[in-house]
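Breakdown of the fold
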Amino acid sequence: MSFASLVKNRSRPIVTAEFPSINGGTLDQVALEWERLGPLVDAVNVTDNPAAHTHSSNVSVAIALQNLGADVIMQVVCRDKNRLAIQADIVGAAMHGITTICALTGDDVTAGDEPEARRVFDLDGPQLISVA
């Protein structure tokens, strides 16, 4: 049963989990992590540079997981990109069938390992929901 139909029917509790951050590597690393996590969850959250640390692109990991059969919830944060780039990511992911997103304002860059990075915050989470 798909994540969307579970939400609609509410036949049982829905189990989601945050997918481990991918730090380079190959699609094989995504497949290995999904093989471990997939049997335990209904859907998986793909993070967008969590805690202001750089990881593989949320869009690329979401597409890889979708291709492996996962129901994906793609997190989108406002910290690193302006509204044009954010909208491009959302539309690009939708082109691959990823239509469930979690809109987040995002942690400040001082939480991460590159505190000198510039903050964007062109939108915040509630504004992103409206734009999406």
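First, a word on scope: everything that follows refers to the structure included in this document.

Each value, and the rule that gives it
- Each chain carries its own residue numbering, running from 1 in the written order of its sequence.
- Where totals are concerned, whole chains, interfaces and linings use all residues; where local detail is concerned, this predicted model gives features only for residues with pLDDT of at least 70, and gives and counts side-chain atom pairs only at 80 or more.
- The basis for the side-chain values is all heavy atoms of the structure; hydrogens and waters are excluded.
- By the convention used here, strands pair only if DSSP detects at least 2 bridges between them.
- Counting from the N terminus, the helices are the DSSP runs of H or I reaching at least four residues and the strands are the DSSP runs of E reaching at least two.
- Note on geometry: axes are lines fitted to C-alpha atoms, helical ones only across the stretch in contact, with angles between N-to-C directions running from 0 to 180 degrees.
- Contact criterion: two residues are considered in contact whenever any of their non-hydrogen atoms come within 4.5 Å of each other.
- We count a salt bridge whenever a side-chain nitrogen from Lys or Arg sits within 4 Å of a carboxyl oxygen from Asp or Glu.
- Within this scheme a cavity is a closed region of a 1 Å grid, computed over the protein atoms alone, that accommodates a 1.4 Å probe without allowing it to escape, whereas a pocket is open but has protein on both sides within 12 Å along at least five of seven lines; lining residues each have an atom within 4 Å of a point.
- Grid points are joined across faces, edges and corners, and a volume is the space filled by probe spheres set on the points.
- Residues were grouped as follows: Ala, Val, Leu, Ile, Met, Phe, Trp, Tyr, Cys and Pro as nonpolar; Asp, Glu, Lys and Arg as charged; and all remaining residues, including Gly, as polar.
- A 1.4 Å probe rolled over the protein chains alone gives each residue an accessible area, and that area as a share of the maximum for its type sets the label: buried under 20%, exposed over 50%, partly exposed in between.
- Counting of polar contacts relies on pairs of N or O atoms within 3.5 Å, with two restrictions inside protein: one atom must be capable of donating a hydrogen and the other of accepting it, and residues adjacent in sequence are counted only when both atoms are side-chain atoms.

**Overview of the sheet that holds strand β3 (residues 72-77)**
Strand order in this open sheet of 4 strands is β1-β2-β3-β4, and the pairing throughout is parallel. Each having just a single partner strand, β1 (16-18) and β4 (101-104) make up the two edges of the open sheet. For this sheet, the mean inter-axis angle between neighbouring strands, taken without regard to orientation, is 20°. Pairing analysis gives 3 bridges linking strand β2 (residues 43-46) to β3, with the strands arranged parallel. Along β3, the bridge assignment pairs N45 with I73. Packed on one face of the sheet, helix α3 (residues 58-67) meets β2 and β3 and runs near 175° to β3. Of the strands in this sheet, β3 and β4 are in contact with helix α4 (residues 83-95), which crosses β3 at around 170°.

**Focus: the pattern of salt bridges**
What the rule picks out here adds up to 6 salt bridges. K81 is paired through a salt bridge with D89; the nearest N and O atoms lie 2.2 Å apart. A salt bridge links R83 to D122; its shortest N-O distance comes to 2.9 Å. Taken together, the residues span a long stretch of sequence, with R83 in helix α4 and D122 in the loop between β4 and α5 (125-131) at a distance of 39 residues.

**Structural notes on empty space enclosed by the protein**
Considering all chains together, one arrives at 1 cavity of 30 Å³ or more under this definition. Taken as a whole, the largest cavity spans an internal volume of roughly 50 Å³. Surrounding the largest cavity, F19, P20, S21, I22, V46, T47, H55, S56, S57, N58 and V61 form its lining. Of the residues assigned to the lining of the largest cavity, the class counts are 5 nonpolar, 6 polar and no charged.

**Comments concerning α3**
The element α3 is extensively covered by neighbouring structure, given that 7 of its 10 residues are classed as buried. Listed as buried for α3 are N58, V59, V61, A62, I63, A64 and L65. On its buried face, α3 is in contact with α2 (27-37), β2, β3 and α4. N-capping of α3 is provided by S57, with a side-chain oxygen placed 3.1 Å from the backbone N of V59.

**Examining the side chain of D48**
Mapped onto the secondary structure, D48 falls in the loop between β2 and α3. Among the polar contacts made by the side chain of D48, one reaches the main-chain amide nitrogen of V77 at a distance of 2.9 Å.

**As for unusual backbone geometry**
Residue N49 is not a glycine yet carries a positive backbone phi of 50°. Mapped onto the elements, N49 comes out in the loop between β2 and α3.

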